[in-house]
Each structure stands twice: as structure tokens, then as C-alpha cells.
Amino acid sequence: LGDSQSAAGTHDRALESYHRSLLLQPDYPRVQISIANTYRKLGRPSRALATLDRMIDMHPASNQLGEPQLLRAQALVDLGRRDEAVVALREAAESL
């Protein structure tokens, strides 16, 4: 449902749906990535970064996927933290 709402551009509603799905399955990296993407679309990069950092802390193996680090780098750029973004991009490239 969250994916459909996001595709329709109703990001606030998508975020609510994603959070509801986490109530059913708290450790769901794909949904956590979707939440981070949605926070970025809503102009809330600090929430996106917090979501990704928590996911990476809880699931160190997700760091090997590249996507979380790429999204993390984008959030860091949005926050003006370019040096940290470069490190995150390097880590994303190394995981591919």
C-alpha cells in the first residue's frame, strides 16, 4: 500500500502505511529503505538519515547491499555534510 501511495505522490499517507507495516514486522529493511526515501521526498533528510543509520546498526549485513549507503550519502548531501557523504558513497561502491 505504501508503495502505491508513494507512486501516486501521497507521501504522507505512504509514510503512515510504511510505519504500520513495521508494527507487523519491525525488522523489515526494504520498508525501512522506503521510509528513508519518503522522508527525503518530504524534505526531511535528518529523519531519512536516522532511519538508515538505525537500519544499518540493526542489520550490519544490509550495509553490504550498497543501497542503504547510497541513500545515506544522499541524505548527508541534503544536510550539507559532503565529506561524510563521500565516505558513504565510497562504502556503497565498495559493496557492489
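Okay, so let's go over this structure. It should be emphasised that the depicted structure is a prediction, and the values quoted were computed from it without experimental measurement. Within every chain, residues take consecutive numbers counted from 1 along the sequence as written. Owing to the predicted nature of the model, reporting of local features is limited to residues with pLDDT of at least 70; listing and counting of side-chain atom pairs is limited to 80 or more, with chain, interface and lining totals taken over all residues. Think of the side-chain values as coming from all heavy atoms in the structure, minus any hydrogens and water.

### So, the overall build of the protein
Quick note on the threshold: The way it works is that DSSP assigns letters per residue, a run of H or I at least four long becomes a helix, a run of E at least two long becomes a strand, and they are numbered from the N terminus. The globule rule used here is 2.2 Å times the number of residues to the 0.38 power, and the radius of gyration it is set against is calculated over C-alpha atoms.
Scanning the protein from N- to C-terminus turns up six helices and zero strands. Counting from the amino terminus, helix and strand elements in the protein follow one another as α-α-α-α-α-α. For a compact globule of 96 residues, the expected C-alpha radius of gyration is about 12 Å, and the protein comes in at 13 Å, within 12% of that figure. Oriented by its inertia axes, the alpha-carbon framework of the protein measures out at about 35 × 25 × 20 Å.

### Remarks on helix α2 (residues 11-24)
Put simply, the rule reads: By this rule, a helix spans an expected 1.5 Å times one less than how many residues it contains. Exposure classes here rest on a 1.4 Å probe applied to the protein chains alone. A residue is buried below 20% of its type maximum, exposed above 50%, and partly exposed in between. The directions from the helix axis to the C-beta atoms are what the arc is built from.
With 14 residues, α2 ought to run about 20 Å at 1.5 Å a step, and its terminal C-alpha atoms sit 20 Å apart, in line with that. Burial in α2 covers these residues: H11, A14, L15, S17, Y18 and L22. Take α2 and look down its axis: the buried residues cluster within an arc of 165°, on one side only. Exposed residues lying more than 90 degrees from the buried face of α2 are D12, R13, L23 and L24.

### Considering the nonpolar core
Most often, soluble globular proteins keep nonpolar side chains buried together rather than apart. For clarity, the cut-off: For this analysis, a nonpolar core means a set of buried residues of the types Ala, Val, Leu, Ile, Met, Phe, Trp, Tyr and Cys, connected via side-chain atoms within 4.5 Å.
Judged by nonpolar contacts, the single largest core of 20 residues is most densely connected at Y18, V31, I35, Y39, A48 and L76. Mapped by element, the contributors of at least two residues to this core are α2, α3 (29-41), α4 (45-58), α5 (67-78) and α6 (82-95).

### A look at the packing of α3 against α4
For the record, the criterion: Axes, fitted as lines to C-alpha atoms, cover a helix only where it is in contact. Angles between the N-to-C directions of the axes lie from 0 to 180 degrees. In these notes the angle categories are as follows: under 35 degrees is roughly parallel, over 145 is roughly antiparallel, 65 to 115 is roughly perpendicular, and the rest is oblique. The sense of a crossing depends on the near helix, which, turned anticlockwise from the far helix by less than a right angle, makes the crossing left-handed and, turned clockwise, makes it right-handed. Between two residues, a contact is recorded if the distance between any of their heavy atoms is within 4.5 Å. For this classification, the nonpolar set comprises Ala, Val, Leu, Ile, Met, Phe, Trp, Tyr, Cys and Pro, the charged set comprises Asp, Glu, Lys and Arg, and every other residue, Gly included, is treated as polar.
Two elements in contact, α3 and α4, have axes separated by 7 Å at closest approach and are oriented at 165°. The angle between the axes of α3 and α4 places the two elements in the roughly antiparallel class. Crossing hand, α3 versus α4: left-handed. From α3, P29, Q32, I33, I35, A36, Y39 and R40 reach across to α4, where they touch P45, R47, A48, T51, L52, R54 and M55. Its residues placed into classes, the contact of α3 with α4 shows nine nonpolar, two polar and three charged.

### Quick notes on the environment of L15
Mapped onto the secondary structure, L15 falls in helix α2. Separated by 14 residues in the primary sequence, L15 and L1 have C-alpha atoms spaced 10 Å apart. For L15, the residues in contact, after removing those within four places along its chain, are I35, T38, Y39, L42 and R44.

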